[in-house]
Amino acid sequence: VSYGYVVIMFTKEEEGLVVKSWNLMKKDAAEWGLKFFLKIFEIAPSAQKIFPFLRDSNVPLEQNPKLKPHAKSVFVMTCEAALQLRKEGKVVIRESTLTKLGTVHSKYGVVDEHFEVTKYALLETIEEAVGEIWSPEMKKAWSVAYDHLVAAIKSHMNPQS
Ligand code: HEM
């Protein structure tokens, strides 16, 4: 996979937009994380089946203690991806971490559509969280960072059959 050799232009302004909006959301990260995932399941109810801790649980979705950490990981890792795109022109993640991420997401049957729905829900959640400072530029910056993060994860996933 030649992903690692492509250098992306990601400006200081774009980085700033991601960091600024994440800083606004950070203190309520758990709540936004929950909203984020509820949006995913609203659009794609079947995505719930992917998460073992939802599948095997009698606890109502919004009370499941394991959902918020995954949601926060997506936010934090996308934000970190933005910082690296700006600094390095690519998303740098430790090989061992990427291998783990690739393996876990393949194992549970995460496919392209899940990443797409997740992106949509992520952007909607940020829009709701930041209110009037939301802008097309902010949307673009988060989109680019997310897409590159996902490309890095996918490069370590098994091909979909
Ligand atoms: C596990 C991050 C997208 C489903 C994880 C873990 C991380 C993570 C850090 C824990 C891995 C470990 O065990 O060490 C991300 C990031 C994403 C993303 C950064 C997007 C940029 C998705 C999507 C789905 C998904 C789209 C499905 C809708 C899962 C499942 C697990 C998992 C089922 C295993 C849950 C468990 O630990 O029981 N993800 N994820 N992820 N992720 Fe994601």
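Residues numbered from 1 in each chain as written. Predicted model: local features only at pLDDT ≥ 70, side-chain atom pairs only at ≥ 80, totals over all residues. Heavy atoms only, no water.

With respect to the element layout, N64 can be found in the loop between α3 (52-55) and α4 (67-88). Classification of N64 as buried rests on a relative accessible area of 5%. Here K66 takes part through its backbone nitrogen, which lies 3.0 Å from a polar atom of the side chain of N64. If near-sequence neighbours (up to four positions away) are discounted, N64 is found in contact with F53, L54, S57 and V59. (Helix = DSSP H or I, 4+ residues; strand = E, 2+ residues; numbered from the N terminus. Buried < 20%, exposed > 50% of the residue type's maximum accessible area, 1.4 Å probe, protein only. Polar contact = N/O pair within 3.5 Å; in protein donor to acceptor, adjacent residues only side chain to side chain. Contact = heavy atoms within 4.5 Å.)

As a further point, take the layout of surface pockets. For the largest pocket, the calculated volume is near 620 Å³. The wall of the largest pocket is formed by 27 residues, among which F51, H70, V74, H105 and V110 lie closest to the centre. Among the elements of the structure, α2 (29-43), α3, α4, α5 (95-107), α6 (112-130) and α7 (136-154) are those that each provide at least two residues to the lining of the largest pocket. For the lining of the largest pocket, the element with the most residues is α4, which contributes five residues. Partitioned by chemical class, the residues of the lining of the largest pocket number 20 nonpolar, six polar and one charged. (1 Å grid on protein atoms, 1.4 Å probe; cavity = no way out; pocket = protein on both sides within 12 Å on 5 of 7 lines; lining within 4 Å. Points joined across faces, edges and corners; volume = space filled by probe spheres on them. Nonpolar A, V, L, I, M, F, W, Y, C, P; charged D, E, K, R; others polar.)

Right, let's talk about the coordination of the iron atom of the ligand for a bit. Coordination sphere of the iron atom of the ligand, protein contribution only: H70 (NE2) and H105 (NE2), at 2.0 Å. Geometry at the iron atom of the ligand is octahedral, judged from the six donor atoms that bind it and their angles of 88 to 179 degrees at the metal. Linking H70 in helix α4 with H105 in helix α5, this pair joins segments that are 35 residues apart in sequence. (Donors = N, O, S within 2.8 Å, 3.2 Å for Na, K, Ca; no water. Tetrahedral: all angles 85-135°; square planar, octahedral: opposite > 155°, others 65-115°.)

By the definition in use, this model includes eight aromatic pairs. Taking 5.5 Å as the distance between ring centres and 20 degrees as the angle between the ring planes, the aromatic pair formed by W22 and F75 counts as stacked. Of this pair, W22 sits in helix α1 (residues 12-26) while F75 is found in helix α4, placing the two residues 53 residues apart along the sequence. Here W22 falls in the buried class, since its relative accessible area comes to 6%. When the ring of F36 is compared with that of F37, the centres are 5.0 Å apart and the planes differ by 75 degrees; the resulting orientation is edge-to-face. Each of the two residues, F36 as well as F37, counts as buried. Three or more aromatic residues joined by ring pairs make a cluster, and in this case those are W22, F36, F37, F41, F51, F53, F75 and W142. (Phe/Tyr/Trp six-rings, centres within 6.5 Å; stacked < 30°, edge-to-face > 60°.)

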